[in-house]
There are 2 protein chains.
Amino acid sequence: MCSELSTRERMVRAACELLETQGYHATGLNEILQRSDTPRGSLYYYFPEGKEELAAEAIERQGRLIEAGIRADLAAVENAAAAVQGLFFKLAQHVESSGCRMGGPITAVALESSTTNERLRQVCAQIYDAWRTAFEEKLLASGYPATETAALSTLILSVLEGATTLSRTLRSALPLQQAGEQLGRLLTLVRDASS
Amino acid sequence: MCSELSTRERMVRAACELLETQGYHATGLNEILQRSDTPRGSLYYYFPEGKEELAAEAIERQGRLIEAGIRADLAAVENAAAAVQGLFFKLAQHVESSGCRMGGPITAVALESSTTNERLRQVCAQIYDAWRTAFEEKLLASGYPATETAALSTLILSVLEGATTLSRTLRSALPLQQAGEQLGRLLTLVRDASS
C-alpha cells in the first residue's frame, strides 16, 4: 500500500481486492483492517454502518472503474466483434497473470447477496446494467439491429461473467480465450446475417 | 423434510440448498443442523471432517444430478441448437419459480473456493468439466465440426453460469431467456456456416 493514500482509500482498496478474490462472507473486518493497515476505530469513523457500507462503496467503485475500462476498450477498435473478442483476450491475460485469483470482481458478492443482502444486490444489479449498456451502445453504433442489441449485450455480459468463473475455477485462461473467440465469430455471423 | 429420509441424507440436502442460495462462507453449521433437524453430534459422526466434507459431498451430488438432467434434456430434442435453447428456458422457469433464489448451485462456491479452498475448487472444476462434456457430446452427435466443439461447449457453459448469475442478481428470468434465445440462434448460424 502506498503511504500517501488516505486511510479511507486504503480501506476501500483492500475491500475491493478481498471481495474479488474470496467474496463477501469470507472477508472479515479484521482482514480488511490488517490488509489496509488501519485501526478498527477508523472503519466505523469512515463507515458508520460497518462492513456492508464499506463493501457497497468498494463494489460500486470497482464497477465504475471496469465500466470505464470496457468503454475505452470497445472504443479503441471499430469492429464490435473484434473489440469484444479483444476485451476477452485482455481479461484472460489479467486472470492468468493473477494466478487465476482475480477476475469477476462482483460475481461472488452478487450471488451471495442475491438472497441475503438487498443493499449489496441492488449495487451489483446497477453495475451489471451499466456494463451491459456499454456493450449495447457499441453494438448499436456498429449497426446491429436495434431489436436485437438488448439480448445480444445480455449474452456478451453472461459470457463475460460465466467464462471468468470457469477460468478461475479451472485455473486456466483457456475458457476466457475460447469463449471470447467463439463470441467474436458469432457476432460477425449475426452482423452478416442481418445486413 | 420427509421424515423417512436418513439423518445423513437430510444433512446433505440441507447443505445443497443453502450452498446454492447463499454460498459456502455464509452457510453456518448451525444453519445446516437446524434446517435438517439433526443434532450436532450427527454431523461429526457422518462427516468427521466437518463442514468442508459435507459441502464437498453436497456439491458433488448436485453436480451429478444436474449433469443427468442436462443429458436427459439434450437427448430429448434432436436439434442441438433447439435443445440448448429449451434447456435455458427450463432453467429460466426454475429460477423464476424459486423467486430467483435458486439456480447456479455451484457458482458461488466455485468462486469463493477458487483461492481459499483447494478441495472444494477441485470438486467444482470436475463438475464443470462433466457439464461441458455433456454439451460437447451433443454438438458432436449433431454434426458440429470436431475442431470447434470444445470451444463451443465452453461458450454454452459460460452463458449458463453467467446468465444464471444475472437472473438471480437482477431478480428476473429475462437474462436467461434472452441469452438462451440468442445462443440457440447462434448455434444454428454456426451449423449452417460449417455445413
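Whatever comes next refers back to the structure up there.
A short tour of the structure in this document, coming up.

The rules behind each value
Here the residue numbering is sequential within each chain, running from 1 through the sequence in written order. Each chain takes a letter, starting from A, and each ligand takes a number, starting from 1, following the order in which they are written. Per-residue local features are limited, in this predicted model, to residues with pLDDT of at least 70; the limit for side-chain atom pairs, both in listing and counting, is 80 or more; totals at the level of whole chains, interfaces and linings are taken over all residues. The side-chain figures draw on all heavy atoms in the structure; neither hydrogens nor water molecules are used. Put simply, DSSP H or I for four residues or longer makes a helix, DSSP E for two residues or longer makes a strand, and each gets a number counted from the N terminus. For the radius of gyration, the atom set is restricted to C-alpha positions; the globular benchmark scales as 2.2 Å times the number of residues to the power 0.38. Only protein chains enter the accessibility calculation, which uses a 1.4 Å probe; a residue is then buried when its area is under 20% of its type maximum, exposed when over 50%, and partly exposed in between. Contact definition: two residues touch when any of their heavy atoms are within 4.5 Å. Values of accessible area rely on a 1.4 Å probe in the Shrake-Rupley scheme; residue burial ignores everything except the protein chains shown. We define the nonpolar core as a collection of buried residues of types Ala, Val, Leu, Ile, Met, Phe, Trp, Tyr and Cys that are connected through side-chain atoms lying within 4.5 Å of one another. The buried area of a pairing is the accessible area, by a 1.4 Å probe, that goes missing from both parts when the two are put together, added over both. Every case where a carboxyl oxygen of Asp or Glu lies within 4 Å of a side-chain nitrogen of Lys or Arg is listed as a salt bridge. A 3.5 Å cut-off defines polar contacts: any pair of N or O atoms within that distance qualifies, except that in protein one atom must be a possible hydrogen donor and the other a possible acceptor, and neighbouring residues in sequence count only when both atoms are side-chain atoms. Least squares is the method for superposing the copies, and the C-alpha atoms it fits come from residues with pLDDT of at least 70 in both. Two rings from Phe, Tyr or Trp (for Trp, the six-membered ring) form a pair when their centres are within 6.5 Å of each other. A pair whose planes differ by under 30 degrees is stacked, one over 60 is edge-to-face, and the rest are tilted. By definition here, charges over rings are those cases where NZ of Lys or CZ of Arg is within 6 Å of the ring centre and within 35 degrees of the ring normal. Helix axes are fitted only over the stretch in contact, all axes being lines through C-alpha atoms; the angle between N-to-C directions runs from 0 to 180 degrees. Angles below 35 degrees are treated as roughly parallel, those above 145 as roughly antiparallel, those between 65 and 115 as roughly perpendicular, and all remaining angles as oblique. Crossing handedness: left-handed means the near helix sits turned counterclockwise from the far one by under a right angle, and right-handed means the same turn made clockwise. Throughout this entry, Asp, Glu, Lys and Arg are counted as charged residues, while Ala, Val, Leu, Ile, Met, Phe, Trp, Tyr, Cys and Pro are counted as nonpolar. The remaining residues, Gly among them, count as polar. The span you would expect from a helix comes to 1.5 Å times its residue count less one.

### Some points on the overall build of chain A
Okay, step 1: Along chain A, the regular secondary structure elements total nine helices and zero strands.
Okay, step 2: At 18 Å, chain A has a C-alpha radius of gyration in line with the 16 Å of a compact globule built from 195 residues.
Okay, step 3: Once the C-alpha set of chain A is aligned to its principal axes, its extents read approximately 60 × 35 × 30 Å.
Okay, step 4: Burial analysis of chain A (195 residues in total) assigns 58% to the buried set.
Okay, step 5: Here the analysis covers contacts within chain A between residues at least 6 apart in sequence; of these, 68% occur between residues at least 24 apart.
Okay, step 6: When the accessible area of chain A is evaluated, it comes to approximately 7800 Å², of which 50% is carbon and sulfur surface.

### Digging into the environment of Leu43 of chain A
All names here are of chain A.
Okay, step 1: Take Leu43: it is sitting in helix H3 (residues 40-46).
Okay, step 2: Here Leu43 falls in the buried class, since its relative accessible area comes to 0%.
Okay, step 3: Leu43 sits 14 residues away from Leu29 along the chain, and the two C-alpha atoms are 8.8 Å apart.

### A closer look at the nonpolar core
Okay, step 1: Ile59, Val159, Leu183 and Leu187 of chain A together with Ile59, Val159 and Leu187 of chain B are the most contacted members of the largest nonpolar core, which has 117 residues in total.
Okay, step 2: Sequence-distant contacts of Val159 of chain A, that is, excluding residues within four places in its chain, are made with Phe88, Thr164, Ala179 and Leu183 of chain A together with Leu155, Ser158 and Val159 of chain B.

### Describing the interface of chain B and chain A
Okay, step 1: The partner chain A presents 46 residues to the 46 residues of chain B that form the contact.
Okay, step 2: Counting the surface chain B buries against chain A, the share from its top three residues, Leu111, Leu166 and Thr169 of chain B, is 15%.
Okay, step 3: For the pair chain B and chain A, the number of links is four salt bridges.
Okay, step 4: Glu148 of chain A serves as the salt-bridge partner of Arg185 of chain B, at 2.8 Å between the closest nitrogen and oxygen.
Okay, step 5: Across the contact surface, chain B and chain A share 14 residue pairs in polar contact (both at pLDDT 80 or more).
Okay, step 6: Sorting the residues of the side of chain B that touches chain A by element identifies helix H1 (7-22), helix H6 (107-116), helix H7 (118-141), helix H8 (149-170) and helix H9 (174-194) of chain B as the ones contributing at least two each.

### Observations concerning the relation of the copies chain B and chain A
Okay, step 1: Its rotation angle being 180 degrees, the transformation that places chain B on chain A also includes 0.0 Å of axial translation and leaves an RMSD of 0.0 Å. Here the symmetry operator amounts to a two-fold rotation axis. Of the C-alpha atoms belonging to chain B, the one lying closest to the rotation axis is found on Gly162 of chain B, 2.0 Å away.
Okay, step 2: Same-surface contact between copies: 100% of interface residues of chain B are shared with the interface of chain A.

### Quick look at the packing of aromatic side chains
Okay, step 1: Here the structure, examined in full by the defined rule, presents four aromatic pairs over all chains.
Okay, step 2: Note on Tyr45 of chain A and Tyr46 of chain A: the rings are 4.9 Å apart at their centroids and 80 degrees apart in plane angle, and the pair reads as edge-to-face.
Okay, step 3: On the basis of relative accessibility, which here comes to 64%, the residue Tyr45 of chain A falls in the exposed class.
Okay, step 4: Their ring planes at 80 degrees and their centres at 5.8 Å tell us that Tyr128 of chain A and Trp131 of chain A sit as a pair that is edge-to-face. Taken as a pair, Tyr128 of chain A and Trp131 of chain A lie in helix H7 (residues 118-141) at a separation of three residues, close to a single helical turn.
Okay, step 5: Looking at Lys51 of chain A, its charged tip hangs above the ring of Tyr24 of chain A, at a distance of 4.2 Å from the centre.
Okay, step 6: A cation over an aromatic ring shows up here: Arg191 of chain B above the ring of Tyr144 of chain B, its NZ or CZ 5.8 Å from the ring centre.

### Concerning the packing of H7 of chain A against H8 of chain B
Okay, step 1: Taken N-terminus to C-terminus, the directions of H7 of chain A and H8 of chain B make an angle of 125 degrees; their axes are 9 Å apart at the nearest point. It follows from the interaxial angle that H7 of chain A and H8 of chain B lie oblique. With respect to the hand of their crossing, H7 of chain A and H8 of chain B are arranged in left-handed fashion. Residues Arg121, Cys124, Ala125 and Tyr128 of chain A of H7 of chain A lie in contact with H8 of chain B, whose contacting residues are Thr165, Leu166, Thr169 and Leu170 of chain B.
Okay, step 2: Residue composition of the contact of H7 of chain A with H8 of chain B, grouped by class: five nonpolar, two polar and one charged.

### Considerations on H1 of chain B
Residues and elements named next belong to chain B.
Okay, step 1: End to end, H1 covers 22 Å across 16 residues, agreeing with the expected 22 Å (1.5 Å per residue, within 8%).
Okay, step 2: Burial of H1 is extensive: twelve of the 16 residues sit out of reach of the surface.
Okay, step 3: Regarding H1, the residues found buried are Glu9, Arg10, Met11, Val12, Ala14, Ala15, Cys16, Leu18, Leu19, Glu20, Thr21 and Gln22.
Okay, step 4: At the C-terminal side of H1, Gly23 shows a positive phi close to 90 degrees.

### Some words on the side chain of Ser158 of chain B
Okay, step 1: For Ser158 of chain B, the location among the structural elements is in helix H8.
Okay, step 2: Classification of Ser158 of chain B by relative accessible area gives buried; the value is 0%.
Okay, step 3: Only 2.8 Å separates the side chain of Ser158 of chain B from the backbone oxygen of Thr154 of chain B, close enough to count as a polar contact.
Okay, step 4: With residues near it in sequence (within four places) discarded, Ser158 of chain B still touches Ser158, Val159, Gly162, Ala163, Leu166 and Ala179 of chain A.

### Focus on the side chain of Asn117 of chain A
Okay, step 1: The topology assignment puts Asn117 of chain A in the loop between helix H6 (107-116) and H7.
Okay, step 2: Every residue in contact with Asn117 of chain A, bar those within four places of it in the chain, is listed here: Tyr24 and Glu52 of chain A.

### Let's talk about the pattern of salt bridges
Residues and elements named next belong to chain B.
Okay, step 1: This structure, assessed with the given rule, holds 32 salt bridges over all chains.
Okay, step 2: Across the pair Arg13 and Glu9 runs a salt bridge whose closest N-O atoms are separated by 2.8 Å. Of this pair, Arg13 and Glu9 both sit in helix H1, four residues apart, roughly one helical turn.
Okay, step 3: A residue is classified by how much of its surface remains accessible, and Arg13, at 41% relative accessible area, is partly exposed.
Okay, step 4: Residue Glu52 pairs with Arg119 through a salt bridge whose shortest N-O separation is 3.2 Å.

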